[in-house]
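# Overview (structure and organization)
Residues per chain, in single letters:
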Amino acid sequence: MTSEVSGPSVDTVESLMKEAETLKIKLEEERQKLNDVTLASVAERLEIINYMNIKPRRTLKGHQAKVLCSDWSPDKRHIVSSSQDGKMIIWDAYTTNKEHAVTMPTTWVMACAYAPSGNLVACGGLDNKVTVYPLSLDEDVTLRKKTVGTHTSYMSCCIFPNSDQQILTGSGDSTCALWDVESGQLLQSFHGHSADVMTIDLAPSETGNTFVSGSCDKLVLIWDMRSGHCVQSFEGHESDVNSVKFHPSGDAVATGSDDSTCRLFDLRADKEVATYSKESIIFGVNSVDFSVSGRLLFSGYNDYTVNVWDTLKCVRVCLLYGHENRVSCLQVSPDGTALSTGSWDSTLRVWA
Amino acid sequence: MDMVISNLQQQRAVTEQLRREAAIRRMPVSQAVSDIVKYISDHMQDDCLLVGFSSQRINPFREKSPCTVL
């Protein structure tokens, strides 16, 4: 619509740049016009959170180097983790037993994920590839492994969007990609970031075709999986965005960044609505996740701690100490009863 | 010449992206935020990490009791 204002149909770089500048100003004005309250002021009337009884319950030991990623099984009992040591381990978190330990043909296995069926896991990292392993207790899982997709740089994150048939990946090549697991075909690629993609998450709706990505270009982008288009972008972070997670309502995303803040961006207001930070917190955030209601935001930091934020009052509720090095990954279990954390101290811990 | 064309294509993509983003409908922050508050209030009672377990026995990761029932 605005294109008509810019006049003749012959675009020049100059006319397009001018229009882009005008649009940017208009966008910011529109957002500010609707910025009528702050989240913390709306939350003032709510009760404060005073009951917190989260304790360390399990320690999973077995990796020989930094734990880089982990994911809960849909059965709420098993965890897959991947490490700098080149191993992927499947844990029984109840008993702390290792059910599978797979050695990858690479170090720095930066990403791993359970498929929705719980019968398949995917992982990859510095090998630039996403490989799937069907899980079976009867035979060596490496016998049936399958390379699904290859990026032109490291694979930083992967996730199955609602079925075992497709996998979505993010990469240091600054793109995201959707792959068909069976054929290995590239179904869609997502171009928009100008630096390494570090993190992706799916909108919670089962029919959803929306996902979010965070990148070293400091941007958070919302994508339409079918069209391949970026539909929204959020600026604000002052450094790499290491983690993004959809709010359980699906209407907002939380982020964690090297700038030592976590933020909440609302999709429908199209803007940042909260910042979770303290002057005393000066270390980067590697991973964030919500409790099942969305009231708590857990975030793992480079100072070895997990901070728990009240997302509404925008204050820190408590700190979880235990790890002896950076907290690299964390995730609330599917039923919301436990929190898993992984660290550069080579262990994973389960809190409940 | 190729450089000029690629610059033009790149700038066109940037501008088209901004046109799409400028065209989306937005709601006031007050409404967006009150919907988030409502969602959380509706789901808080099921949030074990927030409100705890009604009994530690239903916590799958509780410490095993030293005594077992025979």
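For clarity, every value in this text was computed on a predicted model and none was experimentally measured.

## Quick notes on the overall build of chain B
The helix and strand tally for chain B stands at three helices and zero strands. Counted from the first residue to the last, chain B has its helices and strands arranged as α-α-α. A burial count over chain B gives 31% of its 70 residues as buried. For chain B, the accessible surface area stands at approximately 4,700 Å², while carbon and sulfur atoms represent 58% of it.

## Re the overall build of chain A
The helix and strand inventory of chain A stands at three helices and 28 strands. For a compact globule of 352 residues, the expected C-alpha radius of gyration is about 20 Å, and chain A comes in at 21 Å, within 12% of that figure. For chain A, the spread of C-alpha atoms along the three principal axes comes to 70 × 50 × 35 Å. For chain A, the proportion of its 352 residues judged to be buried stands at 58%. Here the contacts in chain A between residues at least 6 apart in sequence split such that 44% fall between residues at least 24 apart. Here chain A has roughly 14,300 Å² of accessible surface; of this, 48% comes from carbon and sulfur atoms. Each charge class in chain A can be summarised by its mean position, and for the 31 positive and 45 negative side chains these summaries are 6 Å apart.

## Here's the deal with the environment of A:Ala254
All names here are of chain A. Along the polypeptide, alanine 254 turns up in strand S19 (residues 252–257). Residues alanine 254 and tyrosine 276 lie 22 residues apart in sequence; the distance between their C-alpha atoms is 9.8 Å. Excluding residues within four positions of it along the chain, alanine 254 makes contact with Ser243, Val244, Lys245, Arg263, Leu264, Val288, Phe290 and Leu297.

## Structural notes on the interface of chain A and chain B
Counting residues at the interface gives 67 residues for chain A and 42 residues for chain B. For the pair chain A and chain B, the summed buried area comes to about 4,700 Å², and 66% of that belongs to carbon and sulfur atoms. Linking chain A with chain B are four salt bridges, by the criterion used here. Between B:Arg12 and A:Asp11 there is a salt bridge, with its nearest N and O atoms 3.4 Å apart. For the side of chain A that touches chain B, the elements supplying multiple residues, two or more each, are helix H1 (2–5), helix H2 (13–33), helix H3 (39–42), strand S1 (56–61), strand S17 (230–234), strand S21 (271–276), strand S23 (296–301) and strand S28 (347–351) of chain A. Broken down by element, the residue count for the side of chain A that touches chain B peaks at eleven residues, all from H2(A).

## Remarks on the sheet that holds strand S9 (residues 146–150) of chain A
All names here are of chain A. The sheet built from four strands is open, its strands ordered S6-S7-S8-S9 with antiparallel pairing. Each edge of the open sheet is held by one strand with a lone partner, namely strand S6 (111–114) and S9. Across the sheet, the mean angle from the axis of one strand to that of its neighbour is 20°, orientation sign disregarded. When strand S7 (residues 120–124) meets strand S8 (residues 129–134), the two strands line up antiparallel, connected through four bridges.

## As for the nonpolar core
As a rule of thumb, nonpolar side chains are buried together in soluble globular proteins. Counting residues in hydrophobic clusters, the biggest one holds 28 residues, and the most contacted among them are A:Leu39, A:Cys262, A:Leu264, A:Tyr276, A:Leu297 and A:Leu312. Broken down by secondary-structure element, the contributors of at least two residues to this core are H3, S19, strand S20 (262–266), S21, strand S22 (285–290) and S23 of chain A together with helix H2 (29–43) of chain B. Of the residues forming this core, the biggest block, six residues, is contributed by H2(B). In contact with A:Cys262, other than residues within four places in its own chain, are A:Thr255, A:Gly256, A:Ala274, A:Thr275, A:Tyr276, A:Val285, A:Val288, A:Leu297, A:Ser299, A:Tyr301 and A:Trp309. A:Ala122, A:Val130, A:Met155 and A:Ala177 belong to the second largest nonpolar core, which has 15 residues in total.

## As for the packing of aromatic side chains
In the structure shown here, the tally under the stated rule is seven aromatic pairs over all chains. Ring plane angle 65° and centroid distance 5.9 Å describe the contact between A:Trp72 and B:Phe61, whose orientation is recorded as edge-to-face. In this pair, A:Trp72 sits in strand S2 (residues 67–72) while B:Phe61 sits in the segment after helix H3 (48–51), so the two residues belong to two different chains. Assessed through its relative accessible area of 3%, A:Trp72 is described here as buried. Classification of B:Phe61 by relative accessible area gives buried; the value is 0%. Relative to A:Trp223, the ring of A:Phe190 lies with its centre 5.7 Å away and its plane at 70°, an arrangement referred to as edge-to-face. In this pair, A:Phe190 sits in strand S13 (residues 186–190) while A:Trp223 sits in strand S16 (residues 220–224), placing the two residues 33 residues apart along the sequence. Of the two residues, A:Phe190 and A:Trp223, both sit in the buried class.

## What to know about the state of the cysteines
Residue and element names in this part refer to chain A. According to the stated counting rule, one finds zero disulfides over all chains in the structure shown. Summary of cysteine pairing: cysteine 230 is not part of a disulfide, and the nearest cysteine sulfur, belonging to cysteine 176, is at 10 Å. In this structure cysteine 230 comes out as buried when scored by relative accessible area, which is 6%.

## Structural notes on unusual backbone geometry
Residue and element names in this part refer to chain A. Its identity is not glycine, yet threonine 96 carries a phi of approximately 70°, on the positive side. Assignment of secondary structure puts threonine 96 in the loop between strand S4 (87–92) and strand S5 (97–103). Even without a glycine there, the phi angle at serine 174 is positive, about 75°. Here serine 174 shows up in the loop between strand S11 (166–171) and strand S12 (176–180).

Rules of the game
Residues numbered from 1 in each chain as written. Chains lettered and ligands numbered in written order. Predicted model: local features only at pLDDT ≥ 70, side-chain atom pairs only at ≥ 80, totals over all residues. Heavy atoms only, no water. Helix = DSSP H or I, 4+ residues; strand = E, 2+ residues; numbered from the N terminus. Buried < 20%, exposed > 50% of the residue type's maximum accessible area, 1.4 Å probe, protein only. Areas by Shrake-Rupley, 256 points an atom, 1.4 Å probe, with all protein chains shown as cover. Rg over C-alpha atoms; globule rule 2.2 N^0.38 Å. Contact = heavy atoms within 4.5 Å. Lys, Arg positive; Asp, Glu negative; His and termini not counted. Charge placed at Lys NZ, Arg CZ, Asp CG, Glu CD. Buried area = accessible area lost by both parts, 1.4 Å probe. Salt bridge = Lys/Arg side-chain N within 4 Å of Asp/Glu carboxyl O. Pairing = 2+ DSSP bridges. Axes fitted to C-alpha atoms, helices over the stretch in contact; angles between N-to-C directions. Core = buried A, V, L, I, M, F, W, Y, C linked by side-chain atoms within 4.5 Å. Phe/Tyr/Trp six-rings, centres within 6.5 Å; stacked < 30°, edge-to-face > 60°. Disulfide = S-S within 2.5 Å.

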